[in-house]
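Summary of structural features
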Amino acid sequence: MFRCFLVITLNLLGQAVIWATNIVVCPTCAVFSVKEGIQLAQACDTVTVSPGTYSEGNILIDKELWLIGKNWPVLDGEGKTEIITIAANHVQVVGFQIQHVGTSYTEDRAAIRLREVSDFCIKNNRVVNAFFGIYGQQSKNGIIEGNTVSGEAKEEVSSGNAIHLWYCDNVLIFNNLTQGHRDGIYLEFVNGSTIQGNLSEHNVRYGLHFMFSNDNIYRQNTFRSNGAGVAVMFSKRIGMFGNLFENNWGAAAYGLLLKEIHDSQIEGNLFKENTVGIFAETSNRVVYTKNSFVQNGWAMRISGGCQNLKMTTNNFIGNSFDLAVHTSGVDNNFDGNFWSDYAGYDLDRNGVGDVPHRPMKLFSHVVSQTPESMVLLRSLFVDILNFSEKVSPIFTPENVVDNQPLITKFTTYDLRFTQPQRLLSSVVNRKS
Amino acid sequence: MKNPILLLLASILLASCQPSSQPIAYGQDECAHCKMAIVEAPFAAELVTKKGKVFKFDAIECMLDYLRVQTDMEFSMYLVHDFNAPTEWLDAMHCKYLVSEEIKSPMGGNLSAFGTEKAAQDVQIIKGGETYDWASVATLFRK
């Protein structure tokens, strides 16, 4: 993708030297509307918009140009229409405050819509109180970077997604803040994309939601206090690295919900204070390594049809239940993790416990069947129940056992955010 | 029945045995089939078994898929929301359905329900797509 942008950049630079012009729009200028500015522009020109409020309804960008806002000019939809519609390739929209997109049940109105375009860049915009924030359809090779998309959805269900991509390829979603929408980042039929360094919080449903999207990576994102956590569904070959899943509480809330996820890797994530850290269903060939599960209700619930699951070098610390496994799946491996509940010993001091650990308590099985029995959690009866099951397992699956439990936590995985690559910053700085 | 208290008790007992629908707590209830939180009222659906157990769904296509998988249960009610007025439950068997690319439902079926044939056709004129009745939509999604 970088090479692709480099080519475009050089291309644009070359053209700029020859004949690109800069059209300035301001409330007191000769050109006082953004629409007129765009109309006057030739392909490859730049339209620079000065501070002010521009309430012009729907603004259509139908030619290659850069729309640059200086000091946050405001584009106001007055609660009626969609605001920016991009219908040409090589368009940049940078530095606007875009607000008040009207709610509609019959059309998905957005603050910025990408309509079947490629090589786009949506950067450093503030979207306030929009139905949908940034909406990409059938678009590819683009960057959505540094935007703030905040909605006002509280309990109401009539809100759209902050960043919504549908049938898109090769998009970088980077360093955005999404909050107060239905889903923070929603991807449906999106392939080969990277979601990095975003913060998604206080959304009504999911912080991040994948559907039917293959070969994507998301890393170093924070998903916090969303109605139902994060859902990754019906996708293949997904990499999830170094993310933080925090404080997702509720009967239908999961730090991470995996459904029909195959051939994926979940590494170096931190799951902290969720009702369920990870819930996995029908997910095959998934590798869980170097994750930490801290103070969750359930660290992991593995439901029917999960096979070839490999879980190693994870920390399970202070969870009410570490594991609940409801599958007789074959080839599942739970060896080599650290369990704060482990009561064994290590006489030969090789760092590995001498007695296998059974992380699934009988009571977690009982609670899954009858949730009301949760009131007995801290009772003596339940302790006796768990202990007897530990001594001679009857109800819990026999193969849910860690034969090499770690005595100490694995050394802290580096969760620090690496210095992000700033792919297009030089391009933007040149013009503004 | 001579004793009014007995009559009252009997009616309460009978009433509690009657299977009934439940409203959906949006954002809190999860779909019985796909586990997603239910947030979109226009597409929500519900099944009630003969014994009164309620299953809620985030999309009509989820309900149809659930019916395909769960063949051993008997249901007394099949309920959907009218796309235009998603507050009251309608009998799914007597609704008209529209499958349109322009109306995106939560599980990708692009399926919406309408109380009357005219309502479905009115939306079809604007949004395009195909209309179905209950039997044909069930076969369509059972493939």
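Keep in mind it's a predicted model, so treat the numbers as computed, not measured.

A few points about the overall build of chain A
Along its length, chain A carries 5 helices and 37 strands. Looking at chain A as a whole, 45% of its 432 residues are labelled buried.

Notes on the nonpolar core
Residue and element names in this part refer to chain A. Judged by nonpolar contacts, the single largest core of 143 residues is most densely connected at Ile-84, Ala-111, Ile-112 and Ile-134. The element contributing the most residues to this core is strand β16 (residues 163–174), with 7 residues. Not counting chain neighbours up to four residues away, the residues in contact with Ala-111 comprise Ile-83, Ile-84, Ile-98, Val-101, Val-127, Ala-130, Gly-133 and Ile-134.

A short note on the sheet that holds strand β2 (residues 54–57) of chain B
Residue and element names in this part refer to chain B. Spatially, 4 strands are ordered β2-β1-β3-β4 in an open sheet, and the strand pairing comes out antiparallel. Pairing within the sheet leaves two strands with one partner each, and these edge strands are β2 and β4 (89–91). With strand direction ignored, the average angle separating the axes of adjacent strands in the sheet is 30°. Helix α2 (residues 60–69) contacts β1 (45–49), β2 and β3 (75–81) of the sheet and is inclined by roughly 135° relative to β2.

Quick word on the pairing of strand β21 (residues 208–211) of chain A
Residues and elements named next belong to chain A. Neither face of β21 is open: one carries Leu-208 and Phe-210, the other His-209 and Met-211, and all of them are buried. Strand direction decides the pairing type here: β21 and strand β24 (residues 229–236), joined by 4 bridges, are parallel. Note on β24: the bridge partner recorded for Leu-208 is Val-230.

Here we look at the interface of chain A and chain B
Facing the 18 residues of chain A at the interface are 14 residues of chain B. Of the residues assigned to the side of chain A that touches chain B, the class counts are 10 nonpolar, 2 polar and 6 charged.

Quick word on the sheet that holds strand β6 (residues 111–114) of chain B
Two modes of strand pairing occur in sheets, parallel and antiparallel, and in both the strands are linked by backbone hydrogen bonds. All names here are of chain B. Strands sit in the order β6-β5-β7 across an open sheet of 3 strands; the sheet is antiparallel. Only two strands of the sheet have a single partner each, and these edge strands are β6 and β7 (130–133). Shown here is a sheet whose adjacent strand axes are inclined to one another by a mean of 30°, direction ignored. Pairing of strand β5 (residues 96–99) with β7, which is carried by 4 bridges, proceeds in the antiparallel orientation. Pairing of Tyr-97 across the sheet is with Tyr-132, part of β7. Strands in contact with helix α3 (residues 117–127) are β5, β6 and β7; relative to β5, the strand with the most contacts, it is inclined by about 15°. Contacts between helix α4 (residues 134–142) and the sheet are confined to β5 and β7, with β7 contributing the most and set at about 110° to the helix.

Re the environment of Gln196(A)
The topology assignment puts Gln196(A) in strand β19 (residues 194–196). Accessibility expressed as a C-beta count within 10 Å gives 23 for Gln196(A), which makes it buried.

Some details on the environment of Gln179(A)
All names here are of chain A. The residue Gln-179 is located in strand β17 (residues 177–179) in this model. When the 21 C-beta atoms within 10 Å are taken as the criterion, Gln-179 is described as buried. Linking Gln-179 and Ile-317, residues 138 residues apart in sequence, is a C-alpha distance of 29 Å. Excluding residues that lie within four positions of it along the chain, Gln-179 makes contacts with Ser-150, Glu-201, His-202 and Asn-203.

Topic: unusual backbone geometry
One can expect most non-glycine residues to show negative phi and most peptide bonds to be in trans. Residue and element names in this part refer to chain A. Despite not being glycine, Asn-175 shows a phi value in the positive range, around 55°. In this fold, Asn-175 is placed in the loop between β16 and β17. What makes Asn-175 buried here is the crowd of 20 C-beta atoms within 10 Å. We note that Glu-260 has phi near 50°; this positive angle belongs to a residue other than glycine. Tracing the backbone through its elements, the reader meets Glu-260 in strand β27 (residues 254–262). Overall, Glu-260 belongs to the partly exposed group, with 17 C-beta atoms counted inside 10 Å.

Examining the packing of α2(B) against α4(B)
All names here are of chain B. Where α2 contacts α4, the axes come no closer than 9 Å and their chain directions differ by 75°. Compared by their axis directions, α2 and α4 come out roughly perpendicular. Contacts between α2 and α4 involve Glu-61, Leu-64, Asp-65 and Arg-68 from the former and Ala-138, Phe-141 and Arg-142 from the latter.

Brief notes about the pairing of β27(A)
Residue and element names in this part refer to chain A. Within β27, 7 of the 9 residues are buried, leaving the element largely enclosed by the surrounding structure. Here β24 pairs with β27 via 7 bridges, running parallel. If you follow Val-230 over to β27, its bridge partner there is Leu-256. Pairing between β27 and strand β30 (residues 276–281): 4 bridges, direction parallel. Note that in β30 the partner of Leu-257 across the bridge is Phe-279.

Brief notes about helix α4 (residues 380–391) of chain A
Here α4(A) is 12 residues long and its end C-alpha atoms lie 17 Å apart, about the 16 Å a rise of 1.5 Å per residue gives. Burial within α4(A) is sparse, with just 0 of its 12 residues counted as buried.

Details of the environment of Ile24(B)
Residues and elements named next belong to chain B. You can see Ile-24 is positioned in the loop between α1 (4–17) and β1. Judged by the 22 C-beta atoms lying within 10 Å of it, Ile-24 is buried. Measuring from C-alpha to C-alpha, the distance between Ile-24 and Ala-37 comes to 11 Å, with 13 residues separating the pair along the chain. Sequence-distant contacts of Ile-24, that is, excluding residues within four places in its chain, are made with Asp-29, Ile-38, Ala-44 and Lys-56.

Quick notes on the rules
Residues numbered from 1 in each chain as written. Chains lettered and ligands numbered in written order. Predicted model: local features only at pLDDT ≥ 70, side-chain atom pairs only at ≥ 80, totals over all residues. Helix = DSSP H or I, 4+ residues; strand = E, 2+ residues; numbered from the N terminus. Buried ≥ 20, exposed ≤ 12 C-beta atoms within 10 Å, placed from the backbone. Core = buried A, V, L, I, M, F, W, Y, C linked by C-beta atoms within 7 Å. Contact = placed C-beta atoms within 7 Å. Pairing = 2+ DSSP bridges. Axes fitted to C-alpha atoms, helices over the stretch in contact; angles between N-to-C directions. Nonpolar A, V, L, I, M, F, W, Y, C, P; charged D, E, K, R; others polar. Parallel < 35°, antiparallel > 145°, perpendicular 65-115°, else oblique. Expected span 1.5 Å × (residues − 1).

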